[in-house]
Amino acid sequence: MADYDVTVIGAGPAGLAAALAADEKGKRVLLVERAARMGGILNQCIHDGFGLLRFGERLSGCEYASRYVRMVEAAGIETTLLTFVTRVEKKDGVFHITLVTKDGVRTVTSTALVLSTGCRERTAKQVGIHGTRPAGVYTAGTAQYYINILGEQPAKRVVILGSGDIGLIMARRLTLEGAEVLGVFEAKSTPSGLTRNIAQCLDDFGIPLHVSHTVTRVFGDARLEAVEISEVDEKMQPIPGTAQKIDCDTLILSVGLIPENELAETLGVTLDPRAKGPVCDQNYETLVDGVFVCGNALHVNDLVDYVSESGASAGAAAADYSGKARELAELTADGGFLYAVPERLDTAGDLSKTVVFFRSREVREKSQVSVSVNGETVFTKKYQRLKPPEMERIEVDLSRVKPGDRVTLELREA
Amino acid sequence: MEKTFVCIVCPNGCTLHAAEENGVISVTGNRCPKGEEYAKAELTNPVRTLTTSVATVFPDRPVLPVRTSGAIPKDAIMPAMRVIAGLRVNHAVACGDVIAENFMGFGVDLVATDDLRV
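A few points on the structure. Since the structure is predicted, the reported quantities are computational estimates derived from the model, not experimental observations.

## Details of the overall build of chain A
- The secondary structure content of chain A amounts to 7 helices and 28 strands.
- Compactness check: chain A gives a C-alpha radius of gyration of 22 Å against a globular reference of 22 Å for 414 residues, within 12% of the reference.
- Based on the C-alpha atoms only, the size of chain A along its principal axes is roughly 60 × 60 × 40 Å.
- Burial status across chain A gives 56% buried among its 414 residues.

Below, the structure is given as structure tokens:
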């Protein structure tokens, strides 16, 4: 018998919800966290707007985390902090997890595994910024860590590249703490972040947003001295002759997040190139039996409430994991979608309340999303507007789906 | 007076249109009552909840996240930051504890949004 029924890797919002859900089913749960405290990235998200769906209140990120940490502590769930997972192997249907802690290396065994490892920020190297490598080029999350955890202001004159939500939040935060934010530049023709964040983080402070612009070069040796900004065409290629130099000591990058799946890949989990996380079924079980995934490791969410929801579902399903074979059907999203999750449906499991998360590929007015099984439409929903930055959630009764059925998600004009 | 802006109350981010005629404000574009409330305030007395951090005397936890327990006038945000810059927390705090009562006389408290275990 394995040491634990369910081992949850990562104690951010997804992992906390997963551990609680598995514990509620009376299972032996181990929650593993790399940092010295639980809560994950929420600990540095001191701004509010979290929890409107989950708690009906507008909480800050750390308040939201605190509520879950207290529930996990009250439930007495076994937690190991400052613990790094170096290796996971599946042998004879049981997971062997190698943990590195202050006390050394140990291996625990577990029947099911929940990966709640979150996501990572794309860096300067991943967006092809050329020039020297001076100090002063930070991802938005790193700048957030400096200010909100270390209490250090890393910037005086700031250029922000990318209009993702963390970049917008940091434009406001850096301004509040006395820095001058010269502008937010976005290579795409539409902003990446939530509309309300553009309103409350940029408009409120008179910070300009320039779409179809990108940083083409950085200047400076020890410290950043300036950046070169160029206009880009619709293929996001810089337009010659449009370059301008802006003096600044800090460049903040908010250029996208990628689900963290290094451990998943070592287990042979198949990734979806569109969602960039593991292919999974409606219970968030990946294509490797017994490996579940949730939160931003699955796909990058814009609301923590949905992260907790997927965590709770994955945790409950991991607790119920019996090793019984699944009978999978495919759920395919057409080209109108950036991605949709889940990509598979386990017809041996409950499909009556299948939750599907999706993003449209482009900004669209008056659209209809429909789900069809073998060409027959079983669900439709109309939208006034769909935007890639704003994730949508639908709940569909798919209990009629049988193995081998063709289930498709379609997007067309309404 | 007429104004169009994005509602910041929830992630829906509705585009609100507020118009004032003879002292009566009418709001369109909102999908909920909170949006109407927000639009009216935006036209008459714009307010914001401030979230920031307060310095502590503890090297291991140099800053404590805080927020105002309710909204304060938008134009008081930067003055509030200067007041907060003068505060120092020198004791253990639980999430929700009041750090400054009736902050700047606005009738709201400055409250901790995280535990400070020392």
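## Overview of the overall build of chain B
- Counting secondary structure elements, chain B contains 2 helices and 10 strands.
- Across chain B, helices and strands are ordered from the amino to the carboxyl terminus as β-β-β-α-β-β-β-β-α-β-β-β.
- By the compact-globule yardstick of 13 Å for 118 residues, chain B is too spread out, its C-alpha radius of gyration being 18 Å.
- Dimensions of chain B along its principal axes, counting C-alpha atoms only, are 55 × 25 × 20 Å.
- Within chain B, the fraction of its 118 residues that count as buried is 44%.
- Residue pairs in contact within chain B that sit at least 24 positions apart in sequence constitute 45% of those at least 6 positions apart.
- Looking at chain B as shown, the accessible area adds up to about 6000 Å², and 51% of this sits on carbon and sulfur atoms.

## A word on the packing of aromatic side chains
Residue and element names in this part refer to chain A.
- Enumeration according to the criterion identifies 9 aromatic pairs over all chains in this entry.
- The interplanar angle of 35° and the centroid separation of 5.5 Å between the aromatic rings of Tyr64 and Tyr68 together place this pair among those described as tilted. Highlighted residues: Tyr64 and Tyr68, both in helix 2 (residues 61–75), separated by 4 residues, approximately one helical turn. Here Tyr64 matches Tyr68 in class, with each residue buried.
- Every member of this aromatic cluster is reached through a ring pair, and the members are Phe55, Tyr64 and Tyr68.
- Sitting over the ring of Phe55, Arg67 keeps its end group 4.9 Å from the ring centre.
- Against the face of Phe219 rests Lys245, its NZ or CZ located 4.3 Å from the ring centre.

## Some points on the side chain of A:Asn261
- Relative to the elements of secondary structure, A:Asn261 occurs in the loop between strand 19 (257–259) and helix 6 (262–266).
- From its side chain, A:Asn261 meets the backbone oxygen of A:Ala297 in a polar contact 2.9 Å long.

## Structural notes on the pairing of strand 27 (residues 392–396) of chain A
All names here are of chain A.
- Where burial is concerned, the two faces of strand 27 differ: the one with Glu392, Ile394 and Val396 is buried and the one with Arg393 and Glu395 is not.
- Examined bridge by bridge, strand 24 (residues 354–360) and strand 27 share 5 bridges and lie antiparallel to one another. The residue of strand 27 that forms the bridge with Thr354 is Val396.

## Focus: the layout of surface pockets
- Approximately 800 Å³ is the volume found for the second largest pocket.
- Along the walls of the second largest pocket sit 24 residues, with A:Arg385, A:Glu390, A:Glu392, B:Asn12 and B:Arg31 positioned nearest its centre.
- Of all the secondary-structure elements, those providing two or more residues to the lining of the second largest pocket are strand 26 (376–386) and strand 27 of chain A.
- Broken down by element, the lining of the second largest pocket gets its largest block of residues, 4 residues, from strand 26 of chain A.
- For the lining of the second largest pocket, the class distribution of residues is 10 nonpolar, 5 polar and 9 charged.

## Remarks on helix 5 (residues 195–202) of chain A
- Here helix 5 of chain A lies mainly inside the structure; 8 of its 8 residues are buried.
- Within helix 5 of chain A the residues assigned to the buried category are A:Thr195, A:Arg196, A:Asn197, A:Ile198, A:Ala199, A:Gln200, A:Cys201 and A:Leu202.
- Close packing links the buried residues of helix 5 of chain A with strand 3 (48–50), helix 4 (165–176), strand 13 (180–186) and strand 14 (209–211) of chain A together with strand 1 (2–6) of chain B.

## What to know about the pattern of salt bridges
- All chains considered together, the criterion is met by 27 salt bridges over all chains.
- Between A:Arg120 and A:Glu260 there is a salt bridge, with the nearest N and O atoms lying 2.3 Å from each other. Pair noted here: A:Arg120 is in strand 9 (residues 119–121) and A:Glu260 is in the loop between strand 19 and helix 6, with a separation of 140 residues, a long-range link.
- Among the residues examined, A:Arg120 registers a relative accessible area of 45% and is labelled partly exposed.
- The shortest N-O distance in the salt bridge between A:Glu177 and A:Arg173 comes to 2.9 Å.
- Its relative accessible area of 4% is what places A:Arg173 among the buried residues.
- Each of A:Arg70, A:Glu73, B:Asp115 and B:Arg117 takes part in one network of salt bridges that share partners.

## Here we look at the interface of chain B and chain A
- Residue-level contacts link 27 residues of chain B with 30 residues of chain A.
- Across the interface of chain B and chain A, roughly 2400 Å² is buried in total on both sides, 52% from carbon and sulfur atoms.
- Of all residues in chain B, B:Ile8, B:Pro11 and B:Thr51 bury the most surface against chain A, accounting for 23% of the area lost on that side.
- The tally of links between chain B and chain A comes to 6 salt bridges.
- At the boundary of chain B and chain A, one finds 9 residue pairs in polar contact (both at pLDDT 80 or more).
- Of all the secondary structure elements, the ones that give two or more residues to the side of chain B that touches chain A are strand 5 (51–56), strand 6 (63–68) and helix 2 (77–85) of chain B.

## Some remarks on the sheet that holds strand 16 (residues 226–231) of chain A
- With respect to topology, 4 strands assemble into an open sheet ordered 10-15-16-17 (chain A), the strand pairing being mixed. Each edge of the open sheet carries a strand with a single partner, namely strand 10 (130–131) and strand 17 (244–247) of chain A.

## With respect to the side chain of A:Thr98
- Take A:Thr98: it is sitting in strand 7 (residues 94–101).
- Apart from the residues within four sequence positions on either side, A:Thr98 is in contact with A:Phe84, A:Val85, A:Thr86, A:Arg87, A:Val105, A:Arg106 and A:Thr107.

## Section: a nonpolar patch on the surface
- The grouping of A:Phe84, A:Val100 and A:Val105 at the surface amounts to a nonpolar patch, some 270 Å² of accessible area in total.
- Topologically, A:Phe84 is positioned in strand 6 (residues 84–91).

## Here's the deal with the packing of helix 1 (residues 13–24) of chain A against helix 2 of chain A
All names here are of chain A.
- Between helix 1 and helix 2, the shortest axis-to-axis distance is 10 Å and the interhelical angle comes to 30°. Taken together, the axes of helix 1 and helix 2 are roughly parallel relative to one another. Relative to helix 2, the crossing made by helix 1 is left-handed. On helix 2, the residues touching Pro13, Leu16, Ala17, Leu20 and Asp23 of helix 1 are Tyr64, Ala65, Tyr68, Val69, Met71, Val72 and Ala75.
- Here the residues of the contact of helix 1 with helix 2 sort into 11 nonpolar, no polar and 1 charged.

Basis of the calculations
Residues numbered from 1 in each chain as written. Chains lettered and ligands numbered in written order. Predicted model: local features only at pLDDT ≥ 70, side-chain atom pairs only at ≥ 80, totals over all residues. Heavy atoms only, no water. Helix = DSSP H or I, 4+ residues; strand = E, 2+ residues; numbered from the N terminus. Rg over C-alpha atoms; globule rule 2.2 N^0.38 Å. Buried < 20%, exposed > 50% of the residue type's maximum accessible area, 1.4 Å probe, protein only. Contact = heavy atoms within 4.5 Å. Areas by Shrake-Rupley, 256 points an atom, 1.4 Å probe, with all protein chains shown as cover. Phe/Tyr/Trp six-rings, centres within 6.5 Å; stacked < 30°, edge-to-face > 60°. Lys NZ or Arg CZ within 6 Å of the ring centre and 35° of its normal. Polar contact = N/O pair within 3.5 Å; in protein donor to acceptor, adjacent residues only side chain to side chain. Pairing = 2+ DSSP bridges. 1 Å grid on protein atoms, 1.4 Å probe; cavity = no way out; pocket = protein on both sides within 12 Å on 5 of 7 lines; lining within 4 Å. Points joined across faces, edges and corners; volume = space filled by probe spheres on them. Nonpolar A, V, L, I, M, F, W, Y, C, P; charged D, E, K, R; others polar. Salt bridge = Lys/Arg side-chain N within 4 Å of Asp/Glu carboxyl O. Buried area = accessible area lost by both parts, 1.4 Å probe. Patch = residues over 30% accessible without salt bridge, like charges linked within 9 Å, V, L, I, M, F, W, Y side chains within 5 Å. Axes fitted to C-alpha atoms, helices over the stretch in contact; angles between N-to-C directions. Parallel < 35°, antiparallel > 145°, perpendicular 65-115°, else oblique. Left-handed = near helix turned anticlockwise from the far one by under 90°.

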